[in-house]
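A structural walkthrough
This is what each chain is made of:
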Amino acid sequence: MKNTFFPVFLLCLVLPACRQEPEGFKELDLNPFGLPFSILAPDSAEVIPKDYGVMRDITVRKGEDFFIQIFEFEAPRTDAAGEKLRQLQTVREDPFFHEVIREDEHGFIYATRPDSLQTYYDFRHIRMAGTKELIFQTGLVGRFSLEEVKKMYKAVK
């Protein structure tokens, strides 16, 4: 019997269709909203674009446990890795910053603690699209569990 694991594994590294979708999520094409890519989202997620002139805010939301905001603006530099480091530095300067839970080349998941009883989770993921810089994060309103944030982070990668 021929071992097909290795070729399939290599294909999954280069084909976005092979990425593991969180349960109940499907591909959501953001091209109709001016973003040249797709993310994963729960079925029937609502997309709300807002244009503020100097930047756009594209919200993708479904219920109380899936709320992603994508901030798009002209990139002063085309350096996603550098912007990720700048975002990480900004987050670490927050007086309530607690810890980085996960970090990769283009983003991170982190926790803040406003007091000893509460922990909040959020993420940043940076992507370049031509001359545009995109910063993905949890919605500005809401509290999310670590598992919810991990799903949202995985959905935008």
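As a reminder, the structure under discussion sits directly above these lines.
Attention in this report is confined to the structure presented alongside it. (Residues numbered from 1 in each chain as written. Predicted model: local features only at pLDDT ≥ 70, side-chain atom pairs only at ≥ 80, totals over all residues. Heavy atoms only, no water.)

The next subject is the packing of aromatic side chains. Inspection of the entire model under this criterion finds 4 aromatic pairs. Geometrically, the ring pair formed by Phe108 and Tyr110 is tilted, given 5.7 Å between the ring centres and 45 degrees between the ring planes. The class for Phe108 is buried, based on a relative accessible area of 0%. We classify Tyr110 as buried; its relative accessible area is 7%. The ring of Phe67 has Arg61 lying over it, and the distance from NZ or CZ to the ring centre is 4.1 Å. When the ring centre of Phe37 is taken as origin, the NZ or CZ atom of Arg127, which lies over that ring, is 4.3 Å away. (Phe/Tyr/Trp six-rings, centres within 6.5 Å; stacked < 30°, edge-to-face > 60°. Buried < 20%, exposed > 50% of the residue type's maximum accessible area, 1.4 Å probe, protein only. Lys NZ or Arg CZ within 6 Å of the ring centre and 35° of its normal.)

This paragraph deals with the sheet that holds strand E3 (residues 46-51). Taken in spatial order, the 7 strands make up an open sheet running E3-E4-E5-E9-E8-E7-E6, and their pairing is antiparallel. Unpaired on one side and paired on the other, E3 and strand E6 (97-104) mark the two borders of the sheet. Ignoring which end each strand starts from, the neighbouring axes of this sheet average 20 degrees apart. Of the pairings in the sheet, the one linking strand E5 (residues 66-74) to strand E9 (residues 132-138) comprises 7 bridges and is antiparallel in character. Bridge pairing in E9 links Phe71 to Ile135. Across the sheet, helix H2 (residues 80-92) is in contact with E6, strand E7 (107-115), strand E8 (118-129) and E9; its angle to E6 comes to roughly 160 degrees. Across the sheet, helix H3 (residues 146-156) lies against E5, E6, E7, E8 and E9, angled at about 5 degrees from E8, the strand it touches most. (Pairing = 2+ DSSP bridges. Helix = DSSP H or I, 4+ residues; strand = E, 2+ residues; numbered from the N terminus. Axes fitted to C-alpha atoms, helices over the stretch in contact; angles between N-to-C directions. Contact = heavy atoms within 4.5 Å.)

Considering the arrangement of structural elements, one finds Gln87 in helix H2. There is a polar contact of 3.3 Å between the side chain of Gln87 and the side chain of Arg124. Those residues within four positions of Gln87 in sequence are excluded, and the remaining contacts are Phe108, Arg124, Ile126 and Ile135. (Polar contact = N/O pair within 3.5 Å; in protein donor to acceptor, adjacent residues only side chain to side chain.)

Okay, the nonpolar core next. Counting 27 residues, the largest nonpolar core has Leu30, Val60, Ile70, Phe123 and Phe136 as its most contacted members. If you list the elements that add at least two residues to this core, you get strand E1 (25-29), strand E2 (38-42), strand E4 (55-62), E5, E8, E9 and H3. Considering every element that reaches this core, the biggest residue donor is H3, with 5 residues. In this structure Ile70 touches Leu30, Leu35, Arg56, Asp57, Ile58, Val60, Leu134, Ile135 and Phe136, once residues within four positions along its chain are discounted. (Core = buried A, V, L, I, M, F, W, Y, C linked by side-chain atoms within 4.5 Å.)

For H2, with 13 residues, the first-to-last C-alpha span of 18 Å sits near the 18 Å given by 1.5 Å per residue. What H2 keeps buried is the set Ala80, Gly82, Glu83, Lys84, Gln87, Leu88 and Val91. Where H2 is buried, its residues contact E6, E7, E8 and E9. (Expected span 1.5 Å × (residues − 1).)

Mapped onto the secondary structure, Leu85 falls in helix H2. Take Leu85: its relative accessible area is 51%, and that puts it in the exposed class.

Turning our eyes to something else, we now look at the pairing of E9. With 6 of 7 residues buried, E9 is to be regarded as a mostly interior element. Here E8 pairs with E9 via 6 bridges, running antiparallel. Along E9, the bridge assignment pairs Arg124 with Gln137. Linking E8 to E9, which pair antiparallel, is a turn of 2 residues; within it Gly130 sits at a positive phi near 65 degrees.

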